[in-house]
Amino acid sequence: MNIYLQIFSTFSKIGAFTIGGGYAMLPLIQREVVTNKKWLSEEDFLDVLAISQSTPGVFVINISVFIGLRIKGIKGSIVAALGSSLPSFVIILLIAMFFNSFKDNEVVEKIFKGIRPAVVALIAVPLIEMSKNMNLNRYTVFIPFITVILIVFFQISPIYILIAGAIFGIFYPYLFKK
Amino acid sequence: MIYLQLFITFFKIGLFTFGGGYAMISLIQNEVVVNHHWVDAASFTDMIAISQMTPGPIGINSATYVGYAVTGNAFGSAIATIAVSLPSFIIIITIAHFYVQFKKNVLFKSAMNGIKPVVLGLIGAAAILLVTKETFIDWKSWIIFGIAFALTQWGKFNPIYVIILAGLSGYLIY
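All of these numbers come straight from a predicted model, not from anything done at the bench.

1. Some thoughts on the overall build of chain A
And step 1. Along its length, chain A carries seven helices and zero strands.
And step 2. Taken from the N to the C terminus, the helices and strands of chain A come in the order α-α-α-α-α-α-α.
And step 3. Against the globule reference of 16 Å for 178 residues, chain A gives a C-alpha radius of gyration of 21 Å, more extended than a compact globule.
And step 4. Taken along its principal axes, the extent of the C-alpha atoms in chain A is 60 × 55 × 25 Å.
And step 5. Counting across all 178 residues of chain A, residues that qualify as buried make up 42%.

Okay, here's the thing in C-alpha cells:
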C-alpha cells in the first residue's frame, strides 16, 4: 500500500477511536506507530511525546505532525494531521448541523440540563491529581490562584497570563534561589 | 470579515495551548464567549459535553463546532480547524531538526516551570466560569455535580459513562 495512504489510514484510525482527549490516544498511537508499523523506535516515540507535550498546540496534532514528519517529511506530516483530525471534524460537523434543530426538543433539553453540571465536575477532577504532581513551593503555589482571579474576576486573556508565567519561570532562579 | 476573524482567533488558541484539552477550555471560552460572543455559556458547555462523548481532541472539536455555529456552513468549520492546527505545524517542523538540544535548553525549561502552574489555574478558571445560571439551574444541578465528581474522582468512572448517567438523570428529574 502507498505510504501516504498507510499514514492516513493509521492516523484516521487513531482519530476515530479515541474518546476523551489526547492522553487517551497515547496507547493506541504507540501500538500503531511503534509496535505494528515500526515507523519509530520506542525511544524516538518517547522523545516525540516529550516535545509534543511541552510545545504549544493541540497535543494530538503535535504528535501527528511530528510522527508524520519523521516518516515522510512535510507531506507526511500533513497527511498524518489530516488523518487524525478528519474523523472528529466530520462527526462534529454533522452534530453541529443537526444539533440546533433538535436542541429545543423537550427531551434533549432535559438531558442536557443533567449533563451540564457533570461536565463542570469532569473538568474539576483532574485539578486534584495535577496539583499533587506539580511540586509547587511556597512561591509558585500562588500562581494557580492568581491565574483564576485574573481570569474569573478581571477577564484577563489567558494568553497574557501564560506569557507572564513564562517570564516568571525564566527569572525565578535568579529571584529566589541561593 | 468573519472568516478572517475566525482564522485569527483559532490560530491564537492553537498557539497558546499548553498542556492538553482541559487547559484549552478557558482560552477558547475567553475568545469565543467573552470577547466575540459567538456562542453563549450554555451552548459552550453543551459543546464540551459533545466533545467528551465523541472521538477526537477538544481543540479540533471546538474549532469545528464554533466554526459552524458562527458561519452556518462547513467552510467556516474548515477554516477554524485548519487555523487551530497550523501553529503545531510551524512549531513542530521548526524544532524537529534540533530537538535534542531543545529538550535540554535551560531557558525553555525555566519558562515551562512558570507556565505549568498557570495551566493549573486555567483549568480551575474553566471550571468556575462554566458555573452559570444556564448550567446550574437549581439545587439538583449541584447534586448531579457532586455525584459526577465523586464517580470520576473516587469511583474512577470513565467520563463517557458519567455523561450518559448525568443525561439520564436529567431526563428523569426535570
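2. Describing the nonpolar core
And step 1. If you look at the biggest cluster of nonpolar residues, it comprises 100 residues, and the most contacted ones within it are A118, V119, A121 and I123 of chain A together with I123, A126 and A148 of chain B.
And step 2. Counting residues per element, this core draws most heavily on helix α4 (residues 59–103) of chain A, which supplies 17 residues.

3. As for unusual backbone geometry
And step 1. With a phi close to 50°, Q155 of chain A is a non-glycine residue in the positive phi region.
And step 2. Note on placement: Q155 of chain A falls in the loop between α6 (142–152) and α7 (158–176).

4. Points about the domain arrangement of chain A
And step 1. You can read the domains of chain A as domain 1 (3–102), domain 2 (104–128) and domain 3 (135–178).
And step 2. Relative placement of domain 2 of chain A and domain 3 of chain A: their C-alpha centres are 30 Å apart.

5. A short note on the interface of chain B and chain A
And step 1. Between chain B and chain A, the residue contacts involve 91 residues of the former and 83 residues of the latter.
And step 2. Residues of the side of chain B that touches chain A, tallied by class, amount to 58 nonpolar, 29 polar and four charged.

6. A closer look at the environment of A63 of chain B
All names here are of chain B.
And step 1. Structurally, A63 is set in helix α4 (residues 58–71).
And step 2. Residue classification places A63 among the buried positions, given that 33 C-beta atoms sit within 10 Å.
And step 3. Residues in contact with A63, not counting those within four places in the same chain, are F10, A80, T81 and V84.

7. Considerations on helix α3 (residues 42–54) of chain A
In an α-helix there are 3.6 residues to a turn, and that puts residues three or four apart on one side.
Residue and element names in this part refer to chain A.
And step 1. Across its 13 residues, α3 extends 19 Å between first and last C-alpha, which sits within 8% of the 18 Å expected from 1.5 Å per residue.
And step 2. Considered for burial, the residues of α3 that qualify are F45, V48, I51 and S52. Viewed end-on, α3 has its buried residues packed into an arc of 130°, placing them on one side of the element. In α3, the exposed positions angled more than 90 degrees off the buried face are occupied by E42 and E43.

8. Description of the packing of helix α5 (residues 106–133) of chain A against helix α7 (residues 106–129) of chain B
And step 1. Running from N to C, α5 of chain A and α7 of chain B point in directions that differ by 155°, and their axes come no closer than 9 Å. Comparing their axes, α7 of chain B and α5 of chain A come out roughly antiparallel. Both α5 of chain A and α7 of chain B take part in a crossing whose hand is left-handed. Here α5 of chain A contributes V120, I123, A124, P126, L127, M130 and S131 of chain A to the contact with α7 of chain B, which in turn contributes L120, I123, G124, A126 and A127 of chain B.
And step 2. Taken together, the residues that form the contact of α5 of chain A with α7 of chain B break down as 10 nonpolar, two polar and no charged.

Quick notes on the rules
Residues numbered from 1 in each chain as written. Chains lettered and ligands numbered in written order. Predicted model: local features only at pLDDT ≥ 70, side-chain atom pairs only at ≥ 80, totals over all residues. Helix = DSSP H or I, 4+ residues; strand = E, 2+ residues; numbered from the N terminus. Rg over C-alpha atoms; globule rule 2.2 N^0.38 Å. Buried ≥ 20, exposed ≤ 12 C-beta atoms within 10 Å, placed from the backbone. Core = buried A, V, L, I, M, F, W, Y, C linked by C-beta atoms within 7 Å. Domains from an automatic or database assignment. Contact = placed C-beta atoms within 7 Å. Nonpolar A, V, L, I, M, F, W, Y, C, P; charged D, E, K, R; others polar. Expected span 1.5 Å × (residues − 1). Arc of directions from axis to C-beta. Axes fitted to C-alpha atoms, helices over the stretch in contact; angles between N-to-C directions. Parallel < 35°, antiparallel > 145°, perpendicular 65-115°, else oblique. Left-handed = near helix turned anticlockwise from the far one by under 90°.

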